[in-house]
Amino acid sequence: MITVKKARLCYVLLGILLGCSCSDVSRDEAAEMDRFVTELMGKMTLHEKLGQLNLPSGGDMVTGTVMNGELSDMIRKQEIGGFFNVKGVRRINALQRLAVEESRLKIPLLVGADVIHGYETIFPIPLALSCSWDTLAIERMARISAIEASADGINWTFSPMVDICRDARWGRIAEGSGEDPYLGSLMARAYVRGYQGNSLQGNDEILACVKHFALYGASESGRDYNTVDMSRLRMYNEYLAPYKAAVDAGVGSVMSSFNIIDGIPATANKWLLTDLLRDEWSFGGLLVTDYNSIAEMASHGIAPLKEASVRALKAGTDMDMVSCGFLNTLEESLKEGKIMEDQINTACRRVLEAKYKLGLFSNPYKYGDTLRVKEQLYTAEHRSAARAIASETFVLLKNENHLLPLGLKGKIALVGPMADARNNMCGMWSMACTASRHGTLLEGIRSAAGDKAEILYAKGSNVYEDAEMEKAAAGIRPLEHEDNRKLLDEALRVASRADVIVAALGECAEMSGESASRTNLEIPDAQQNLLKALLKTGKPVVLLLFTGRPLVLNWEDANVHSILNVWFGGSETGDAVADVLFGKVTPSGKLTTTFPRSVGQLPLFYNHLNTGRPDPDNRVFNRYASNYLDESNEPLYPFGFGLSYTDFVYGDLQISSETLPKNGELTASVTVTNKGNYDGYETVQLYLRDIYAEVARPVKELKGFERIFLKSGESCDVKFVITEDDLKFYNSELHYIYEPGEFEIMIGTNSRDVKTKCFIAK
């Protein structure tokens, strides 16, 4: 039996063996790198040093266009340290050639891209990936992404995004791993290991960039780019852990966030970038801004570009993305005595060290092998992995009378705007892929059905009733807006011929992600009308929910027979959904975000603090308790929730002792039995609660989990070893400690449905 303690030790050792080798080097290697960089910088002019700190956008990843004239001229004059948003190894090689063959010092370029959940082979969106609770699958996804991106000339990915988010209105919740810092930390390490590999010396290992540092996921009102304000205590205990986990795993670069912290934009926040990241956490890698964030300090009311550039450099920023503030203003600021040349040198050194660690000085065309494009992009092996991983991420939210899995028989009506939307299966941040090569949901289901079942199809509705609203929601992945009445009539005709109806509804791909905040989290109006009409037919209805965030599904949960949340599953969505829909794969996903009953509950998360007047009974309104007049405090679906086609039954919770001795261990165990008719995976979850402490502690916190596979009728004893480390938190003085006293230990299938016992920590 693999215990949680052993699993944690494995992650620590992997971080030492893999992560540290990515950002750190041996003493001899460090000395050689220092000698090389020092010698190179001794030849550089001040303007060339500032050029290394400049990161412009090289083009448009969507259209493939490149700003050849201006960009080429800047490269020849060594006025950029790298570029991003250029796709295609031949284009990238041509620009790299300018740097190493037509510039004075022949310094190679960093080539960045937002490789978020795949490159040509697209995997599920990150929020979906986290619902697999499978860190090995995450690492495999990142490894394949690095292989493909590097084959096309990319050597730097702006991923992983590890922002903790508890407010589903924020569209970028889709890009992270949910609301929990413990799970988010494990996912962060897995991404870094996958992208950077063992040493960064292989031509398929690329520089990872953890973002957005920091607290971006806590933007007020869930509105993108908005203000963040929180105490240091909350930062340390609830939000910072995943960033630190990525740093500890050896991430090579960090991206600062758009938001303000303590009234100062993150890009110019010395406490954040230097005191915390560099001094406290010992991060020695490259620190880059987000898109144009130095220039945007003027909009914050902090400073115009020239002064903002000074503040960003002095705070610890190394590389200026897009604003050109460093390149165009710092030379004058140096003459005015507002900055020191050593500060420019320090930033320049970090950029050059990143290139050195990537091996670009020894081989500038390391990522320029054109043969790899033909052999390693969108391969059958990669697509197979994407299909298997996607099926792990789907979350079964409801399955009345075991409607799912569907039998391969009779007539099945597939209805909805996402049923045949080829360009929407991958979700946001998938610009590098060729959507025309991807199968649709309709094609995947028809392929799985073969001649055993007849698959009928109708679009059924638009995404929204209003064409302009739909245009805004669809963004770069437009859908044809048709007559709603005609679509509904066609759907009802098709449904009348079917034995069962499968409705593919929810968000379209660009309704989540950057700049995609929503105040109404229900399924859009046209699709709600369609769903209600389909249910009135009296036929059994399966809702395949496409979404990049938690939605408000009260009506759907009360009325629809089965709900399978398929998120946005990537390039293999059609086949992966068919695998689960027809029972080839048993769903095993567990939510990593809480699903609210109302937008008014947000932000909503399981590991909240209690109030002095907690609500004793959420079923009725209690005056002078912390609650709402018109809604329960409880979520619709809690963190960790996810059903299966089979039935997992938990035995009684057992603990080895009612006391955890000083420097000792305590073992908690439970027997899990698969009493259903299907084989499947179950994620057994461990939570702890500190009953009394110097500062208020959450009602429960995830401290471990184990993903087990059980055949029908099989049982498994799952054991968790608890130590003092599991009890630690940051106290009011930000010391990481634990306090002796009473604790609750909880084990269960989700954060709500748990078995509980108490113990005393000495």
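How each quantity is defined
Residues numbered from 1 in each chain as written. Predicted model: local features only at pLDDT ≥ 70, side-chain atom pairs only at ≥ 80, totals over all residues. Heavy atoms only, no water. Axes fitted to C-alpha atoms, helices over the stretch in contact; angles between N-to-C directions. Helix = DSSP H or I, 4+ residues; strand = E, 2+ residues; numbered from the N terminus. Parallel < 35°, antiparallel > 145°, perpendicular 65-115°, else oblique. Left-handed = near helix turned anticlockwise from the far one by under 90°. Contact = heavy atoms within 4.5 Å. 1 Å grid on protein atoms, 1.4 Å probe; cavity = no way out; pocket = protein on both sides within 12 Å on 5 of 7 lines; lining within 4 Å. Points joined across faces, edges and corners; volume = space filled by probe spheres on them. Nonpolar A, V, L, I, M, F, W, Y, C, P; charged D, E, K, R; others polar. Expected span 1.5 Å × (residues − 1). Buried < 20%, exposed > 50% of the residue type's maximum accessible area, 1.4 Å probe, protein only. Polar contact = N/O pair within 3.5 Å; in protein donor to acceptor, adjacent residues only side chain to side chain. Pairing = 2+ DSSP bridges. Core = buried A, V, L, I, M, F, W, Y, C linked by side-chain atoms within 4.5 Å. pLDDT = per-residue confidence, 0-100. Phe/Tyr/Trp six-rings, centres within 6.5 Å; stacked < 30°, edge-to-face > 60°.

Let us now look at the packing of helix H16 (residues 380-393) against helix H22 (residues 573-581). Between H16 and H22, the least distance of the axes is 8 Å, while the angle of their chain directions is 50 degrees. In terms of their interaxial angle, H16 and H22 are classed as oblique. When you trace H16 past H22, the crossing you get is right-handed. Residues Arg 387, Ala 390 and Ser 391 of H16 form the contact with H22, whose own contacting residues are Asp 575, Ala 576, Asp 579 and Val 580.

As a volume, the second largest pocket reaches approximately 870 Å³. For the lining of the second largest pocket, the class distribution of residues is 14 nonpolar, ten polar and six charged.

Let's shift gears to unusual backbone geometry. His 212 follows Lys 211 through a cis peptide bond whose omega is -5 degrees. Within the secondary structure, His 212 sits in strand S5 (residues 209-213). A cis amide bond, omega 5 degrees, links Phe 213 with the succeeding residue Ala 214. Locating Ala 214 in the fold gives a position in the loop between S5 and helix H9 (232-239). With a phi angle near 65 degrees, Asn 292 is a residue other than glycine that sits in the positive phi range.

We now examine helix H8 (residues 181-196). Between its first and last C-alpha atoms H8 spans 22 Å; for 16 residues at 1.5 Å apiece the expected length is 22 Å, and the two agree. H8 sits mainly inside the fold: 14 of its 16 residues count as buried. Two or three places before Tyr 182, at the start of H8, stands the capping residue Asp 180, its side-chain oxygen 3.0 Å from that residue's backbone nitrogen. Taken from the residues just after H8, Gly 197 is the one with a positive phi, measuring 65 degrees.

Moving on, we get to the sheet that holds strand S3 (residues 110-113). Strand pairing in a sheet takes place through backbone hydrogen bonds and is either antiparallel or parallel in direction. With parallel pairing, the three strands of this open sheet are ordered in space as S2-S3-S4. Two strands lie at the open edges of the sheet, namely strand S2 (82-84) and strand S4 (156-157), each paired on one side alone.

Here we come to the nonpolar core. Grouped together as the largest cluster of nonpolar side chains are 124 residues, with contacts concentrated most on Trp 156, Phe 213, Leu 215, Leu 240, Val 251, Leu 272 and Leu 352. Residue contacts for Leu 215: discarding those within four places in its chain leaves Val 228, Met 230, Met 235, Tyr 239, Leu 240, Tyr 243, Asn 259 and Ile 261. In terms of nonpolar packing, the next biggest core, distinct from the first, is built from 88 residues, Val 500, Ala 533, Ala 578 and Phe 582 among them.

Let us look at helix H14 (residues 341-357). The terminal C-alpha atoms of H14 lie 24 Å apart, and with 17 residues this matches the ideal 24 Å at 1.5 Å per residue to within 8%. Where H14 ends, the next residue or the one after it, Gly 359, has phi of about 80 degrees, a positive value.

Going through the model one piece at a time under the given rule, you end up with five cavities of 30 Å³ or more. In this structure, the second largest cavity occupies an estimated 70 Å³ of space. As for the second largest cavity, its lining consists of Leu 688, Arg 689, Asp 690, Arg 697, Glu 701, Lys 703, Asp 726, Leu 727, Lys 728 and Phe 743. Sorting the residues of the lining of the second largest cavity by element identifies strand S21 (680-690) and strand S22 (701-710) as the ones contributing at least two each. For the lining of the second largest cavity, the element with the most residues is S21, which contributes three residues. Taken together, the residues that form the lining of the second largest cavity break down as three nonpolar, no polar and seven charged.

This next bit is on the confidence of the model for the protein. Scored by pLDDT, the protein comes out at a mean of 95, with 96% of its residues at no less than 70. Scored below 50 in pLDDT, residues 1-24 makes 54 contacts in the model with residues more than four places away or belonging to other chains.

Let us now look at the packing of aromatic side chains. On inspection of all chains with the given rule, the structure shows 25 aromatic pairs. Measuring from centroid to centroid gives 6.0 Å for Tyr 216 and Phe 258, while their planes differ by 65 degrees, and the two rings are edge-to-face. Here Tyr 216, found in the loop between S5 and H9, pairs with Phe 258, found in the loop between strand S6 (253-256) and strand S7 (260-261); they are 42 residues apart in sequence, far enough to count as distant. Side by side, Tyr 216 and Phe 258 carry an identical accessibility label, which is buried. Aromatic rings pair up to connect Trp 133, Tyr 182, Tyr 606, Phe 639, Tyr 687 and Phe 705 into one cluster.

What follows deals with the packing of helix H2 (residues 27-43) against H14. Each packed pair of helices is defined by two parameters, the angle between the axes and the distance between the axes. Closest axis-to-axis distance for the H2/H14 pair is 10 Å, and the angle between their directions is 125 degrees. In terms of their interaxial angle, H2 and H14 are classed as oblique. Crossing of H2 over H14 shows right-handed handedness. Seen from H2, the contacting residues are Glu 32, Met 33, Asp 34, Phe 36, Val 37, Thr 38, Leu 40 and Met 41; seen from H14, they are Asn 345, Cys 348, Arg 349, Leu 352, Glu 353, Tyr 356 and Lys 357. In terms of residue class, the contact of H2 with H14 is made up of eight nonpolar, two polar and five charged.

So, about the environment of Asn 565. Position of Asn 565 among the secondary structure elements: in strand S16 (residues 562-565). When the C-alpha atoms of Asn 565 and Lys 398 are compared, they prove to be 9.5 Å apart, with 167 residues separating the residues in sequence. Other than its neighbours up to four places away in sequence, Asn 565 contacts Phe 394, Val 395, Leu 397, Leu 545, Thr 547 and Phe 595. Looking at Asn 565, its side chain comes within polar contact range of the main-chain nitrogen of Trp 567, at 3.0 Å.

The next subject is the sheet that holds strand S9 (residues 286-288). Taken in spatial order, the three strands line up as S5-S6-S9 in an open sheet, and their pairing is parallel. Of all strands in the sheet, those with a lone pairing partner are S5 and S9, marking the two edges. Taking each pair of neighbouring strands and ignoring which way they run, the sheet shows an average axis angle of 25 degrees. Relative to S6, S5 runs parallel, the two sharing three bridges. Its bridge partner lying in S6, Phe 213 is registered against Ser 256.

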